[in-house]
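Observations on the three-dimensional arrangement
Letter by letter, the chains look like this.
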Protein chains: 2
Amino acid sequence: MKDKRKIPKPVIKRMGLYYRCLNKLYEEGIEYVASKDIAARLGIKSSQVRKDLSYFGEFGKRGVGYNVDQLMKKLEDIIGVNKIWNVIVIGAGNIGTAIVNYPGLKKEKFNIIGVFDADRSKVGKKLGKLSVTHFSELEKFFNKNIVDLVVLAVPENAAQMVVEELEKYNIKGIINFAPIKLRTKIPVEDVDITLSFKSLVFRIEREIK
Amino acid sequence: MKDKRKIPKPVIKRMGLYYRCLNKLYEEGIEYVASKDIAARLGIKSSQVRKDLSYFGEFGKRGVGYNVDQLMKKLEDIIGVNKIWNVIVIGAGNIGTAIVNYPGLKKEKFNIIGVFDADRSKVGKKLGKLSVTHFSELEKFFNKNIVDLVVLAVPENAAQMVVEELEKYNIKGIINFAPIKLRTKIPVEDVDITLSFKSLVFRIEREIK
DNA sequence: TAATTATTGTGAGTAAGTTCACAATTGAAT
DNA sequence: ATTCAATTGTGAACTTACTCACAATAATTA
C-alpha cells in the first residue's frame, strides 16, 4: 500500500459493495476468493477491486486470493460498520416513514432513535417502536441524547431552515432527501430518487451507455 | 455545439438538477439567468454549467445569459420530462410503499399504474388509489397495459428471479432497490440508500473531502 | 461611435479515475 | 527440485471529467 494517497470518492462507495459481497461469500461457506470473482459478482473489473483494496493495505495472497473472513473483518474496520450510529429522522412523511421502517439500516448499525415533524396532526403517530415528536421538542431531545446523523426528509421549502436549526447542535452529518443544495458546514450526503428515474429514462431515450 | 461527442454520465444527472433549478427561477419570475447564478444555487462551477449545456446546443446569449423560460423548455425536450412513463412497483414492503406514495414521482410524469407482491397477506392492501395485486397476475397485467419502467423493491434473494420474469415482457428499464447486481440486458439504475449512509459515515470518519 | 461591462461557448490544460500489463509470489503437480 | 498455473499489488498508460482562460458577442453608457 502506497500511503498518503487521497482515496478517490468512488472507491468509498465501492467499499460498501465489497463488504456486502464478502458477507454473502462467507454465508456461502467460501473461504478464499479471487478479485476476479468479486468483480464478476459486482459487474466490474478485477483490477478495480485490487486497486481499490490496495488503498487500504495488502490483504491478499498472491496465487491464492483473499481470505473471506479476514478481508471481511478488515473492511469492517475500514468502513466503520462496527460503530453504532445514532440517527434521528426529521419529517414523518412518506420518505421519513420508509426510512424509519427500513430494516436494512438497523442491520447496518444505523440506529434510529427519534422521529420529528412540524405537523401537529402527525405527532404521536407510531412508527415501529418510535412515535413522532413535534419539531419544537428537538432542543430538549438533543440535550438528553447523543445524535450522530440526521435524516432530512422534510419538504424542499423547509429544508434550509431545519439545517440552520441543526447547526446549533453537534451532529456529524446529514442525509438529505430534499431536492435542494443545503448551505451548511455539516457534511451532507444528498439522496434524490427522482434523479435516478430521470437518469434511467435519459439512457433509455438516448441509448447512451 | 460540437456534435457526436459522447455525453459524460455525470452530465446526465446534472441536467435534472438544472431543470429543477430553472423551474424555481421561473416561479420566482426571473427572466434571464447567468450560468454563474445557476452554479451558485447548485454549489458547482459556472464553467461546468456552460459546458454541460453546450453538449446539447447553444442556448444562451453572450453578455446576457439564458432565457429562463426558453431554456426550461429545451431541457424538457432533452431530459424527456414531457413524456409520461408508466411504472409498476414490484414489492409492497417499506420501499415499495414509499415509492407508490411519493408525490415527487407523479409530479415528474412517472405514473404508477400497478403494485405487485408475492405475499398473499399483502394482496388487496390499498396504497393510495392502487391496491396490491399478487405477483402471479403479472402476465395478465402486461397483456392489458403498457409498462415502461419497473421499480424492483423486493428482498435481495428474490430480485434476480423477478428480473428473469421481467425479461419476458417488453419493459424499457428497471429501478433496482435490491442491494445486488442484476444480471440482465434491460437497462438498470441501482438505488442503494444504505450506501449513502455508509459513504457519509466514511467521510466523517476519515475527513476525506 | 467608442469604451465599458457582462457573459457565453469552447479549446486547451488539469485532475480524477480506470484499466493494463507484468514482476512477484504462492501452492500444486510432476 | 523444477515447472506450471493462479493470482496479487502496483506503476504506467489511458480514459473520463472538470476547470481555466479568453475570443466573441451583446447591451449599456458616455
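Residues numbered from 1 in each chain as written. Chains lettered and ligands numbered in written order. Predicted model: local features only at pLDDT ≥ 70, side-chain atom pairs only at ≥ 80, totals over all residues. Heavy atoms only, no water.

**Examining the protein's contact with DNA strand C**
Definition in use: The criterion for a residue being near a molecule or strand is simple. One of its heavy atoms has to lie within 4 Å of it. The definition of a polar contact used here is a pair of N or O atoms within 3.5 Å, where within protein one atom must be able to donate a hydrogen and the other to accept one, and adjacent residues in sequence count solely through side-chain atom pairs. Each helix corresponds to a stretch of at least 4 residues labelled H or I by DSSP, and each strand to a stretch of at least 2 residues labelled E; elements are numbered beginning at the N terminus.
Every one of the 30 residues lining DNA strand C counts as a neighbour, but A:Arg14, B:Ser35, B:Arg50, B:Gly60 and B:Tyr66 are closest to it. A distance of 2.9 Å separates a phosphate oxygen of DNA strand C from a polar atom in the side chain of A:Arg14. Between a phosphate oxygen of DNA strand C and a side-chain N or O atom of A:Gln48, the distance comes to 3.3 Å. Elements with a minimum of two residues in the surface near DNA strand C: helix H1 (9-27) and helix H3 (46-54) of chain A together with helix H2 (35-42), helix H3 (46-54), strand E2 (60-61) and strand E3 (65-67) of chain B. Ranked by residue count, the leading element in the surface near DNA strand C is H3(A), at 4 residues.

**Some thoughts on the packing of helix H1 (residues 9-27) of chain B against H2(B)**
How two helices sit against one another is set out by the angle between their axes and by the gap between those axes. Residues and elements named next belong to chain B. The following threshold applies: Working convention: axes come from line fits to C-alpha atoms, limited for helices to the stretch in contact. Angles between N-to-C directions cover 0 to 180 degrees. Roughly parallel means an angle under 35 degrees; roughly antiparallel means over 145; roughly perpendicular covers 65 to 115; every other angle is labelled oblique. Pairs of residues are marked as contacts when any of their non-hydrogen atoms sit within 4.5 Å. Charged residues are taken to be Asp, Glu, Lys and Arg, nonpolar residues to be Ala, Val, Leu, Ile, Met, Phe, Trp, Tyr, Cys and Pro, and polar residues to be all remaining types, Gly included.
It is at 11 Å that the axes of H1 and H2 come closest, and there the two elements cross at 105 degrees. Of the possible angle classes, the one that applies to H1 and H2 is roughly perpendicular. Contact with H1, carried on its side by Leu 17, Tyr 18, Cys 21, Leu 22, Lys 24 and Leu 25, involves Ile 38, Arg 41 and Leu 42 of H2 and no other residues of that element. Among the residues making up the contact of H1 with H2, the classes are represented as 7 nonpolar, no polar and 2 charged.

**With respect to the protein's contact with DNA strand D**
Near DNA strand D, the surroundings consist of 30 residues, among which A:Ser35, A:Arg50, A:Gly60, A:Tyr66 and B:Arg14 are the closest. Taking all atoms of DNA strand D within 4 Å of the protein, the share assigned to sugar and phosphate is 67%. In this structure, a phosphate oxygen belonging to DNA strand D sits 2.8 Å away from a side-chain N or O atom of B:Arg14. Contact between DNA strand D and B:Gln48: a phosphate oxygen at 3.2 Å from a side-chain N or O atom of the residue. Elements with a minimum of two residues in the surface near DNA strand D: helix H2 (35-42), H3, strand E2 (60-61) and strand E3 (65-67) of chain A together with H1 and H3 of chain B. Among the elements that line the surface near DNA strand D, the one with the most residues is H3(B), at 4 residues. Among the residues making up the surface near DNA strand D, the classes are represented as 8 nonpolar, 7 polar and 15 charged.

**Regarding the pattern of salt bridges**
Definition in use: For this analysis, a salt bridge means a side-chain nitrogen from Lys or Arg found within 4 Å of a carboxyl oxygen belonging to Asp or Glu. Relative accessibility thresholds used throughout: buried, under 20% of the residue-type maximum; exposed, over 50%; partly exposed, between the two (1.4 Å probe, protein chains only).
By the definition in use, this model includes 25 salt bridges over all chains. Notably, a salt bridge pairs A:Lys24 with B:Glu156, separated by 3.0 Å at the nearest N-O pair. Of the two residues, A:Lys24 is situated in helix H1 and B:Glu156 in helix H8 (residues 156-166); the pairing between them involves two chains. Under the relative-accessibility criterion, B:Glu156 is labelled partly exposed at 29%.

**Things to note about the relation of the copies chain A and chain B**
The cut-off we apply is this: Copy-to-copy superposition: least squares on the C-alpha atoms, limited to residues that have pLDDT of at least 70 in both copies.
Rotating chain A by 180 degrees about the axis while translating it 0.0 Å along that axis superimposes it on chain B, leaving an RMSD of 0.1 Å. Such a turn and shift between the copies fits a two-fold axis. It is A:Ala98 whose C-alpha, among those of chain A, lies nearest the rotation axis, at 2.9 Å. Residue by residue, 100% of the interface of chain A is reproduced at the interface of chain B, so both copies engage with the same surface.

**Let's talk about the interface of chain A and chain B**
Going by this rule: What counts as buried area is the accessible surface, traced by a 1.4 Å probe, that two parts surrender upon association, with contributions from both included.
Taken together, the 62 residues of chain A in the interface contact 62 residues of chain B. Of the roughly 5,800 Å² buried where chain A meets chain B, counting both sides, 70% is carbon and sulfur surface. In terms of surface lost to chain B, no three residues of chain A exceed A:Phe197, A:Lys198 and A:Phe202, which account for 12% of the buried area on that side. For A:Arg20, the salt bridge identified is with B:Asp192, shortest N-O distance 2.8 Å. At the junction of chain A with chain B, the criterion picks out 12 residue pairs in polar contact (both at pLDDT 80 or more). Take the side of chain A that touches chain B: its biggest share by element is 14 residues, from helix H9 (residues 193-206) of chain A. Of the residues belonging to the side of chain A that touches chain B, the class tally is 35 nonpolar, 10 polar and 17 charged.

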